[in-house]
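Geometric and topological summary
For reference, the chains in residue letters:
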Amino acid sequence: PIVRRNGITIVPQYIFLLLLIQNTHKDTHNNALDFVQIEQKMAEDNPAKWMEGNWGVRFLLPATGNGKKLDQFNVENVMQQLRPLKSTCKWVQINASQGANGAYYTTPVSVLSEHVSKESVPERDLFGEVLDALLEEGFKVIVYFASEGPTKRKGHEEYAPPGSIKKWKDYCTSRNMTYEEGVAKLVVREISMRYKEKISGWWFDHAKYGDIELLAKEALRGNADAALTFNIEPEHNPDGSRVLKRARAEEHYTCGHPTPMVQRSPDWDGNESMIRTIENHGPYLDGSLAHMFIPMQEKWFAGKACFKKKKIVDWTLRVVKAGGAITWATALEDKKVIPEKQLRQLEKINRVVGRWKKREEGDDEEEDTDDEEEDTDNEEEEAEGKDEL
């Protein structure tokens, strides 16, 4: 059921229906199709299989639109925080573009500096520095990329270097390319080919503003085994929570975006529906690894930590036990380090997941018992916040 098209692994969502129809015409005792074996085969061939039953972290690097923060970023400071997590934390997602903004970058892109705006890209390759530091410690790296690119189709043209959007469009026209084609072939291709196998996966944000097939093709150009996913318009449950499901044939793991923070806090119980989907339907949804991607604080990149430690650990452990994958997005403080509250929670996740995996291997250990103390701390902070209001 798995085929290759232009170097992309394709598992059609309708394949299960076709197999079911075929199976109804076969003697169940004579060469009947084994659906368990089919799903196992699909899992074995999925480039995201290494994420199965594991968890990771995301933080946003400062891009060129963040003033001097990119040049001042100290890689070692954040690495000191991440190293103790590597016993169970398998990946770190970092951004090649600015978060939700394709006008600014954390890594050089020649076509932008030469033909669009030198303000769009840095001289310092912060992305590459952090990438190498993470690989040296044994983490795998997933790239965040804003699919709109310099076209800024999502809007907010004021968040782009002056004149850059017109210059970008004019340049794409001069190359006989659509704007979306230019993002894939001129920007994503350069990043993909520069880092090649150093990149283990991609998370394409607001993918409806890009050419998904071309984005996939160019992302895989540097590493054909990279795992891909695309954030596109989701389906919703009756309570407004998002349905966790395969969205595109080109994806290898689900994007896992929660209900937007403008509507609900990340710790809203409705987001737990994604966990139940993983627990009830297994780690693969139509061949795509079930993955959740949730911020630890009020916003993706800022705000007060909103999870109690007991809840964030419980959600992580349930996903890991069910064979799925989960990425926790943490903010970075002004000094560009993980805030103390989120760091303590990540350390707790690392300890609990580590203990569970050791027990699965037959190495029993005592349970960790500091949940109650941390929850009390959170409640006290919430009470202080109400007093301030």
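Residues numbered from 1 in each chain as written. Predicted model: local features only at pLDDT ≥ 70, side-chain atom pairs only at ≥ 80, totals over all residues. Heavy atoms only, no water.

1. A look at the environment of Gly222
One can find Gly222 in helix α9 (residues 212–222). Between the alpha carbons of Gly222 and Ile199 there is a distance of 8.3 Å; along the sequence they are 23 residues apart. If we skip the residues at most four places from it in the chain, Gly222 touches Ser192, Met193, Lys196 and Glu197. (Helix = DSSP H or I, 4+ residues; strand = E, 2+ residues; numbered from the N terminus. Contact = heavy atoms within 4.5 Å.)

2. Some thoughts on the pattern of salt bridges
In this structure the tally under the stated criterion is 20 salt bridges. In this structure, the salt-bridge partner of Lys245 is Glu235, at a minimum N-O distance of 2.9 Å. Taken together, the residues span a long stretch of sequence, with Lys245 in the loop between β9 (227–230) and α10 (273–281) and Glu235 in the loop between β9 and α10 at a distance of 10 residues. According to the relative accessible area criterion, Lys245 is partly exposed, its value standing at 36%. On the basis of relative accessible area, Glu235 is assigned to the partly exposed category, the value being 45%. Where salt bridges share partners, they join Glu76, Arg83, Lys86 and Glu137 into one cluster. (Salt bridge = Lys/Arg side-chain N within 4 Å of Asp/Glu carboxyl O. Buried < 20%, exposed > 50% of the residue type's maximum accessible area, 1.4 Å probe, protein only.)

3. Describing the sheet that holds strand β13 (residues 325–329)
Each strand in a sheet pairs with its neighbour through backbone hydrogen bonds, running either in the same direction (parallel) or in the opposite one (antiparallel). Taken together, seven strands build an open sheet; the order of strands is β9-β8-β7-β4-β3-β13-β12 and the sheet is parallel. Looking at the sheet topology across the chains shown, the edges are occupied by β9 and β12 (291–295). Taking the axes of each pair of neighbouring strands and ignoring which way they run, one obtains an average angle of 20 degrees across the sheet. For strand β3 (residues 54–58) and β13, the ladder comprises five bridges, and the chain directions are parallel. Across the sheet, the residue bridging to Asn54 is Ala325, located in β13. (Pairing = 2+ DSSP bridges. Axes fitted to C-alpha atoms, helices over the stretch in contact; angles between N-to-C directions.)

4. Description of the side chain of Thr107
Tracing the backbone through its elements, the reader meets Thr107 in the loop between β6 (101–105) and α5 (110–115). On the basis of relative accessible area, Thr107 is assigned to the buried category, the value being 0%. Engagement of the side chain of Thr107 in a polar contact is seen with the side chain of Tyr195, the distance being 2.7 Å. If we skip the residues at most four places from it in the chain, Thr107 touches Ala96, Val121, Pro122, Asp125, Phe127, Ile191, Arg194 and Tyr195. (Polar contact = N/O pair within 3.5 Å; in protein donor to acceptor, adjacent residues only side chain to side chain.)

5. Observations concerning the packing of aromatic side chains
Inspection of every chain in the model, using the stated rule, returns 11 aromatic pairs. Judged by centre distance (5.3 Å) and plane angle (10 degrees), the rings of Phe204 and Phe230 are stacked. Of this pair, Phe204 sits in strand β8 (residues 201–205) while Phe230 is found in strand β9, placing the two residues 26 residues apart along the sequence. As far as burial versus exposure is concerned, Phe204 and Phe230 are alike and both buried. Centre to centre, the rings of Phe307 and Trp328 are 5.1 Å apart; their planes meet at 80 degrees, and the pair counts as edge-to-face. Here the residue Phe307 occupies a position in the loop between β12 and α11 (309–321), and Trp328 occupies one in strand β13, the gap between them amounting to 21 residues. Under the relative-accessibility criterion, Phe307 is labelled buried at 1%. For Trp328, a relative accessible area of 0% gives the class buried. (Phe/Tyr/Trp six-rings, centres within 6.5 Å; stacked < 30°, edge-to-face > 60°.)

6. Considerations on the layout of surface pockets
Taken as a whole, the largest pocket encloses approximately 1,100 Å³ of empty space. Lining the largest pocket are 38 residues, with Leu60, Gly99, Ala100, Trp300 and Phe301 sitting closest to its centre. When its residues are assigned to classes, the lining of the largest pocket shows 17 nonpolar, nine polar and 12 charged. Of the pockets and cavities examined, the second largest pocket occupies roughly 220 Å³. Ile232, Pro234, Val243, Lys245 and Ala247 are, among the 18 residues lining the second largest pocket, the residues nearest its centre. (1 Å grid on protein atoms, 1.4 Å probe; cavity = no way out; pocket = protein on both sides within 12 Å on 5 of 7 lines; lining within 4 Å. Points joined across faces, edges and corners; volume = space filled by probe spheres on them. Nonpolar A, V, L, I, M, F, W, Y, C, P; charged D, E, K, R; others polar.)

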